[in-house]
Amino acid sequence: MAMFKSVLVANRGEIARRIFATARRMGLETVAVYSDADARAMHVAEADRAVLIGPAAARDSYLVAEKIIAAAQASGAEAIHPGYGFLSENADFADRVAAAGLIWIGPPSAAIRAMGLKDAAKALMQRAGVPVTPGYLGEDQGEAALAAEAARIGYPVLIKAVAGGGGKGMRRVDDAAGFAAALGAARREAKAAFGDDRVLLETYVARPRHIEVQVFGDTHDNVVHLFERDCSLQRRHQKVIEEAPAPGMDAATRAAVTDAAVKAARAVNYVGAGTVEFIADASEGLRADRIWFMEMNTRLQVEHPVTEAITGLDLVEWQLRVAAGEPLPLAQADIRLNGHAVEARLYAENPANGFLPSTGRLAHFVLPRTVRTDSGVEAGGEVSPFYDPMIAKLIAHGATREAALARLARACDSVEVWPVNTNAGFLARCLAAPDFVAGDIDTGFIERQLTDLTAVPAPSPAALAAAARAAMRHGAAGPQPWAALSGFRLNAAAETLMRLFLDGAPLLADAAVADAGRTALAAPDDEIVVFEAGQAFVFTTRPPMAEDAEAAADGQIRSPMPGRVAQLTAKAGETVAKGQGLLILEAMKMEHVLTAPFTGVIEFVAVALGDQVTEGAVLIRLAAVDSQAGAADSFVAPL
């Protein structure tokens, strides 16, 4: 089969741009699809052609198979690349692409189905000689049978949804007394997320590390691995930082785990790019006999750039060539591991405020040029509430792990984004954490150190100096030279001190201190924004206004972000207790639960289930029935 001449990417954002970059280099015509919300997105602007496929909500656009296929046919695209997420692991979609006479850039639908259900996949791996986590994969889903199996395995055990992923339908159970309640919760969550409430049981690994192996197969019976990655730095089962190779992996253990991954791929006649994920018990370091198969992702992974960095290969090019019927470009013996690479996921969120998603226009957006950056947005673009909050990936390579970590930490420190919040400072602190640098990691690392990792450091004297200079230049009389605004005293040096306010607290800044080139912006409302350590510090020269005594307890529950009302339990006239859940907002694949700030009676509910709301909109008003009023509580949980 000759190489096709055009490819449609059934995705958006950074992965669409990443695929287009390789396709252009190979001389292929590129076709983008987009929703109403993405009409001005970078992936649309960069494609040779673009086709509108529907409204903003993914369920009405990027997840509608017939719209994707119709777009390919209308644009003349010969092949479809699904990227990751959306329809990338949908076997029915793969079949429909092929039935339409188009080339599917992905594994056979049979392989997707074989790896789609965790229990069936594990049974298949056992037959193929791939080690699996000790547990229960049986058909008997009765509560008594499952409880008996949990007792046989030994507590603690992990309940996992058969059709699950991303931590949904998963519960740790420490003893028999808590099993029934945890089982019920896992089943409800699994049913809601996947339409399937079946579960499996696994022994709970106290210090788990997430190890995965990149594999590639072709239609000529070749299967190779491209070494392993470690994705143990996670928050609520979502990857934050990934690296390759895995720290502490010796040659014998690497040989065992990569051999198991190749066996797994061969067991399902795998073609294309795939990732075989393993869970490792890190309590005694990485050992071949303590690493077990977890699942296989039948697509290109978000973290594929770290594998590209250590091998010098373009994985998207390999995907395109394999889909065109070509053999793999290299044999296993020709694939070399060079140095160390680390990737950090830059999210539009506020770690200091419970990782609350952040949306809006990127008035200022500067990424470092010292590392590879794969971004879905640019300055002036919008972060939408409709999709995943990841806006970029930063990837650093070095001769050693220490060099790569230091380089990426410096890069995260230098990220400048405003007014949208990001996790850049949080990422830099993760990368510099002593235990992480030492390789002493597991999937609970972030949760154990969350207080330190989310604590925003005080601005340095250099940052204060940059703010003071900017405030002097942009004073009430309009932009003026710093010297003209400096104080004047006879026979004395000019006054260089200035009082600033940060989050309402007064600070003394000395404009004479060197600012080390820190960026300072004049923002609306006479604010000055200075970037340092991945943070955007917002200063003002005016003291905070006295707050209305009733403002914190006026009972108005406002939306903290744009989103959709996913659940509504509040009813007008109902008495609710402080902390009681009132509604759930859904935005950027996250749920935000709004609770009653005090005990009271609901006066009115201004929204209905399914409504889209704007940031700051009044959703509910509550009248106090006692004096115990306080600020609204909330928490964020992954969908």
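Residues numbered from 1 in each chain as written. Predicted model: local features only at pLDDT ≥ 70, side-chain atom pairs only at ≥ 80, totals over all residues. Heavy atoms only, no water.

One can describe the packing of helix α1 (residues 13-25) onto helix α11 (residues 315-323) by two numbers: an axis separation of 9 Å at closest approach and a directional angle of 65°. Viewed along their axes, α1 and α11 form a crossing whose handedness is right-handed. Facing R18, I19, T22, A23 and R25 of α1, the residues of α11 in contact are L315, V316, E317 and L320. Taken together, the residues that form the contact of α1 with α11 break down as 5 nonpolar, 1 polar and 3 charged. (Axes fitted to C-alpha atoms, helices over the stretch in contact; angles between N-to-C directions. Helix = DSSP H or I, 4+ residues; strand = E, 2+ residues; numbered from the N terminus. Left-handed = near helix turned anticlockwise from the far one by under 90°. Contact = heavy atoms within 4.5 Å. Nonpolar A, V, L, I, M, F, W, Y, C, P; charged D, E, K, R; others polar.)

The final tally for this structure, using the stated rule, is 45 salt bridges. We note a salt bridge from D196 to R198, for which the minimum N-O separation is 2.9 Å. The class of R198 is partly exposed, set by a relative accessible area of 28%. Each member of the salt-bridge network shares a partner with another, and the members are R18, R25, E308, D314, E317, R321, E326, R372 and D374. (Salt bridge = Lys/Arg side-chain N within 4 Å of Asp/Glu carboxyl O. Buried < 20%, exposed > 50% of the residue type's maximum accessible area, 1.4 Å probe, protein only.)

Across the sheet, which stays open at both edges, the 5 strands sit in the order β3-β2-β1-β4-β5 with parallel pairing between neighbours. A strand with exactly one partner marks an edge of an open sheet, and here the two such strands are β3 (49-54) and β5 (103-104). Here 4 bridges tie strand β1 (residues 6-9) to strand β2 (residues 29-35), and the two strands are oriented parallel to one another. Looking at β2, one finds that L8 is bridged to V31. (Pairing = 2+ DSSP bridges.)

This part is about the sheet that holds strand β15 (residues 340-347). Reading across the sheet, the 8 strands line up as β14-β13-β10-β11-β12-β15-β22-β20 and stay open at both edges, with antiparallel pairing between neighbours. Edge positions in the sheet fall to β14 (291-297) and β20 (372-375), since each of these pairs with one other strand and no more. Neighbour to neighbour, the strand axes of the sheet diverge by 25° on average, direction disregarded. Pairing of β15 with strand β22 (residues 390-398) involves 8 bridges; the strand directions are antiparallel. Residue L346 lies in a different strand from β22, and its bridge partner there is A392. Sheet contacts for α1: β20 and β22; angle to β20, the most-contacted strand, approximately 115°. Here helix α12 (residues 401-413) sits on the sheet in contact with β12 (238-244), β15 and β22, set at roughly 145° to β22.

Inspection of the secondary structure assignment puts K118 in helix α6 (residues 118-128). As for K118 and M498, which are separated by 380 residues in sequence, their C-alpha atoms are 61 Å apart.

Attention now moves to helix α4 (residues 91-99). Taken as a whole, α4 has its buried residues at A91, F93, A94 and V97. Angular distribution of buried residues about the axis of α4 spans 160°; they occupy a single face of the element. The inward-facing, buried residues of α4 abut α3 (65-75), β4 (79-81), β5 and α5 (109-116). One side-chain oxygen of the residue at the start of α4 lies 3.1 Å from the amide nitrogen of D92, identifying that residue as N90. With its phi angle positive at about 80°, G101 sits one or two positions after the end of α4. (Arc of directions from axis to C-beta. Polar contact = N/O pair within 3.5 Å; in protein donor to acceptor, adjacent residues only side chain to side chain.)

Of all 10 residues making up strand β13 (residues 272-281), 10 are buried, and the element is well covered by its neighbours. Two strands pair when backbone bridges link them, and strand β10 (residues 208-217) and β13 are joined in this way by 10 bridges, in the antiparallel orientation. Paired with G217 across the two strands is G272, which belongs to β13. Both β13 and β14 contribute to a ladder of 6 bridges, which runs antiparallel.

Looking at the protein as a whole, its pLDDT mean stands at 90, while 92% of the residues score no less than 70. Between residues 476-493, whose pLDDT stays under 50, and residues either more than four places distant or in other chains, the model counts 16 contacts. Below pLDDT 50 for its whole length, residues 546-552 participates in 2 contacts with residues either more than four positions away or in separate chains. (pLDDT = per-residue confidence, 0-100.)

Of all hydrophobic cores here, the largest spans 40 residues; its most connected members are F4, I105, F216, V224, L226, W318 and I335. Elements with a contribution of two residues or more to this core: β1, α1, β11 (223-235), α10 (304-311), α11, β15 and β22. The leading source of residues in this core is α11, at 6 residues. Filtering out sequence-adjacent residues up to four positions away, I105 remains in contact with F4, V7, A79, I80, H81, P82, Q319, L320 and A323. The next biggest cluster of nonpolar side chains, apart from the first, holds 39 residues, and it includes V371, V383, A409 and L453. (Core = buried A, V, L, I, M, F, W, Y, C linked by side-chain atoms within 4.5 Å.)

Under the defined criterion, the tally for this structure stands at 7 aromatic pairs. Measuring from centroid to centroid gives 5.0 Å for Y62 and F86, while their planes differ by 15°, and the two rings are stacked. One end of the pair, Y62, is in the loop between β3 and α3; the other, F86, is in the loop between β4 and α4, with 24 residues separating them in the sequence. Classification of Y62 by relative accessible area gives buried; the value is 0%. (Phe/Tyr/Trp six-rings, centres within 6.5 Å; stacked < 30°, edge-to-face > 60°.)

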